[in-house]
Number of protein chains: 2
Amino acid sequence: MVRLWHTAVVPRTESMSPMSRVELPVVGEPAPERADASRNRQKILEAARRLFAQRGLAEVTMETVAREAGVGKGTVFRRFGDRGALLEALLDEQERELQERLLRGPPPLGPGAPTRDRLTAFLDALLDLWEQHGKLVLASETSAPGARYRTGAYAAWHQHTMLLLAECRPDADASLDAHLLLAALDAQLLTHLREEAAVDRERLARGLRELATRLSA
Amino acid sequence: MVRLWHTAVVPRTESMSPMSRVELPVVGEPAPERADASRNRQKILEAARRLFAQRGLAEVTMETVAREAGVGKGTVFRRFGDRGALLEALLDEQERELQERLLRGPPPLGPGAPTRDRLTAFLDALLDLWEQHGKLVLASETSAPGARYRTGAYAAWHQHTMLLLAECRPDADASLDAHLLLAALDAQLLTHLREEAAVDRERLARGLRELATRLSA
DNA sequence: CGGGAAAACGGACCGTTGGTCCGGATCGCG
DNA sequence: CGCGATCCGGACCAACGGTCCGTTTTCCCG
């Protein structure tokens, strides 16, 4: 099952708006969201973000989110389908910005810099992103194993990494290598390294750069 | 909280056996398991293994395991504490054998072969291991995020990898590199690659060998 | 502006599942 | 054999994700 990329933009409306006079079941835009619906979507996202920020992970139930948002539990589920999807929506929101910078931002993240530099800059940025909402990623992974890999965001990271790698080494199995490289940014691993193994950010970044260099040389 | 490595060997007995005459609260061996207890532990492990083999992952509840083992639910929990621990025990059982081969088996896995070869042989073996009970690993990861990294088995893999890497490149941050390399064997990633991205075993193995080579050169 | 159908709301309700508890059966040592 | 320690088992509990449906809100159209 392929999930829509930007859940915030394409709501899961139950039915299509019946086109005025023509009977063709046009597969165009889904019916726009009603005012109260989109208001509540915002409230829910905000509440969820807030709660996840303070209490971590599994401590936040769907009902809590509903209460914090001042909304019924049913509403939360209708808007987001299930817990996993809510978490995904939350992540998505934050990850879109990085994607924007990748495609159209200034070098070295955006186009223009040497490929090698873009790659390390990208990994750095991903690491930053994880610092910010690693908890969230972690939580999302518990509800549905492997969910991360089915995300639009992951697909984008992978695509980007693959292209950069392929440019450095046209002979390589760039797609696979990209996956293996991104594995180093697994939320569980990073959490473990930071919290149990006491690896600081700088050391981690160095290790990642080294890894990327060796993979692209 | 550090969990005992071999759950199967050191049962979680509720109390210590009061030492015969000396009053010192000696912290030695815990009381040995009673006959019925250890018999049931076996029955439970077997049942769990069987069930996980056919039905996958989340389809198996603790109660199912209990019934299949012909045992009360309470017994399962008393023996293993919680779901995560049961899964860990199951994994542990299978992983010990590989550890044995690493330490005392024939080359190239065991001592004797060139370091580089031992490393790739090891990764190959890990991949094999995952083929066999990847489902199990996946399931265990859902119940407690990051559990894998707190396992004795993971510590062993890491230790082994680190030593081999350090031997190849004494200047490297071997510990960190070992973690990053092992990340490529993450259960979720492997599952994704095999099932969604249709990467076959051979290609995967090649990729891993390549990665290892580049990290140790 | 008013009315009515479509859509959304909300919270009571349900089923499942991990985990606990305790009266009674078992074990094993002396 | 006898008796305390240990373990058994399944009824029981609480929590949580998810559903349902009577009520309210929206918004389109005349």
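Residues numbered from 1 in each chain as written. Chains lettered and ligands numbered in written order. Predicted model: local features only at pLDDT ≥ 70, side-chain atom pairs only at ≥ 80, totals over all residues. Heavy atoms only, no water.

Colleague: Which parts of the structure should I look at to understand the relation of the copies chain B and chain A?
Modeller: Each of the two chain copies can be brought onto the other by rotation about an axis and movement along it. For the pair chain B and chain A, the best superposition has an RMSD of 0.1 Å and corresponds to a rotation of 180° with a translation of 0.0 Å parallel to the axis. The transformation just described matches what one would write down for a two-fold rotation axis. Scanning chain B for the C-alpha nearest the rotation axis identifies Thr142(B), at a separation of 2.4 Å. When the interface residues of chain B are mapped onto chain A, 100% of them again lie at the interface, so the same face is used by both copies. (Least-squares fit on C-alpha atoms with pLDDT ≥ 70 in both. Contact = heavy atoms within 4.5 Å.)

Colleague: Which parts of the structure should I look at to understand helix H8 (residues 174-183) of chain B?
Modeller: An α-helical segment advances 3.6 residues per turn. Residues three or four places apart therefore align on the same side. For H8(B), the buried fraction is high: 9 of the 10 residues fall into the buried class. Burial in H8(B) covers these residues: Ala174(B), Leu176(B), Asp177(B), Ala178(B), His179(B), Leu180(B), Leu181(B), Leu182(B) and Ala183(B). (Buried < 20%, exposed > 50% of the residue type's maximum accessible area, 1.4 Å probe, protein only. Helix = DSSP H or I, 4+ residues; strand = E, 2+ residues; numbered from the N terminus.)

Colleague: Mind showing me how you'd approach helix H3 (residues 73-80) of chain B here?
Modeller: Residues and elements named next belong to chain B. Within the sequence span of H3, burial applies to Thr 75, Val 76, Arg 79 and Phe 80. Each buried residue of H3 lies within a common arc of 105° when the element is viewed along its axis, so the set occupies one face. In this fold, the buried residues of H3 make contact with helix H1 (35-54), helix H2 (62-69) and helix H4 (83-104). (Arc of directions from axis to C-beta.)

Colleague: What am I meant to see in the packing of helix H5 (residues 115-143) of chain B against helix H7 (residues 152-168) of chain B here?
Modeller: Two packed helices can be described by the angle between their axes and the distance between those axes. All names here are of chain B. Their axes nearest at 9 Å, the elements H5 and H7 cross at an angle of 155°. The angle between the axes of H5 and H7 places the two elements in the roughly antiparallel class. In this structure, H5 meets H7 at a crossing whose hand is left-handed. Where H5 approaches H7, its residues Thr 115, Arg 116, Arg 118, Leu 119, Phe 122, Leu 126 and Leu 129 are matched on the opposing element by Trp 157, His 160, Thr 161, Leu 164, Leu 165, Glu 167 and Cys 168. By residue class, the composition of the contact of H5 with H7 is 8 nonpolar, 3 polar and 3 charged. (Axes fitted to C-alpha atoms, helices over the stretch in contact; angles between N-to-C directions. Parallel < 35°, antiparallel > 145°, perpendicular 65-115°, else oblique. Left-handed = near helix turned anticlockwise from the far one by under 90°. Nonpolar A, V, L, I, M, F, W, Y, C, P; charged D, E, K, R; others polar.)

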